[in-house]
Amino acid sequence: MNCIKCGRKLDSSQEVPLCQECGKAGSTIKSSDPSEVLELHIKSQKELGLLPEDFRLSEVGTDVAKKIIHELLALGEPSEVVANTVLGFCYGYLCHQKEQEP
């Protein structure tokens, strides 16, 4: 797994995929592309087994998540806030999908 801020290869899986240097208080995510941030977080959560391997957001879900990420990045929120928000959104989405199953 790679650090989502600087791209450095990490030796172990972490809940928030940041290298030690980037994980210091106040760090913000390097990428300003919400699509890339969303993809990185979903991938890392799948690798940690926190999301099912077949987890996918719908087009509408992806658009909503990207808008949320864009706003968080514009506010300069730390990477932990972005990571927790993405994870919460994905779990909420997953729970909603499970409720919709017949």
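Before going into details, it helps to say that this report is about the structure given with it. None of these values were measured; they are calculated from a predicted model. (Residues numbered from 1 in each chain as written. Predicted model: local features only at pLDDT ≥ 70, side-chain atom pairs only at ≥ 80, totals over all residues. Heavy atoms only, no water.)

## Structural notes on the layout of surface pockets
- Roughly 220 Å³ of volume is contained in the largest pocket.
- At the level of elements, α1 (34–47) and α2 (59–74) are the ones that each hand at least two residues to the lining of the largest pocket.
- Here the residues of the lining of the largest pocket sort into four nonpolar, two polar and five charged. (1 Å grid on protein atoms, 1.4 Å probe; cavity = no way out; pocket = protein on both sides within 12 Å on 5 of 7 lines; lining within 4 Å. Points joined across faces, edges and corners; volume = space filled by probe spheres on them. Helix = DSSP H or I, 4+ residues; strand = E, 2+ residues; numbered from the N terminus. Nonpolar A, V, L, I, M, F, W, Y, C, P; charged D, E, K, R; others polar.)

## Quick word on the environment of L38
- Along the chain, L38 turns up in helix α1.
- Take L38: its relative accessible area is 5%, and that puts it in the buried class.
- Those residues in contact with L38 that sit more than four places away from it in its chain are L57, T62, A65, K66, I69 and V86. (Buried < 20%, exposed > 50% of the residue type's maximum accessible area, 1.4 Å probe, protein only. Contact = heavy atoms within 4.5 Å.)

## Section: the packing of α1 against helix α3 (residues 79–100)
- Close contact between α1 and α3 brings their axes to 10 Å; oriented N to C, the two are set at 70 degrees. In terms of orientation, α1 and α3 fall into the roughly perpendicular class. On α3, the residues touching V37, L38, H41, I42 and Q45 of α1 are V82, A83, V86, L87 and C90.
- In the contact of α1 with α3, the residues fall into eight nonpolar, two polar and no charged. (Axes fitted to C-alpha atoms, helices over the stretch in contact; angles between N-to-C directions. Parallel < 35°, antiparallel > 145°, perpendicular 65-115°, else oblique.)

## Observations concerning α3
- Here α3 spans 32 Å end to end across 22 residues, near enough to the 32 Å set by a 1.5 Å rise per residue.
- For α3, every residue scored as buried is listed here: S79, V82, A83, V86, L87, C90, Y93 and L94. The buried side chains of α3 occupy one side of the element, clustering within an arc of 125 degrees when seen end-on.
- For α3, the secondary structure elements touched by its buried residues are α1 and α2. (Expected span 1.5 Å × (residues − 1). Arc of directions from axis to C-beta.)

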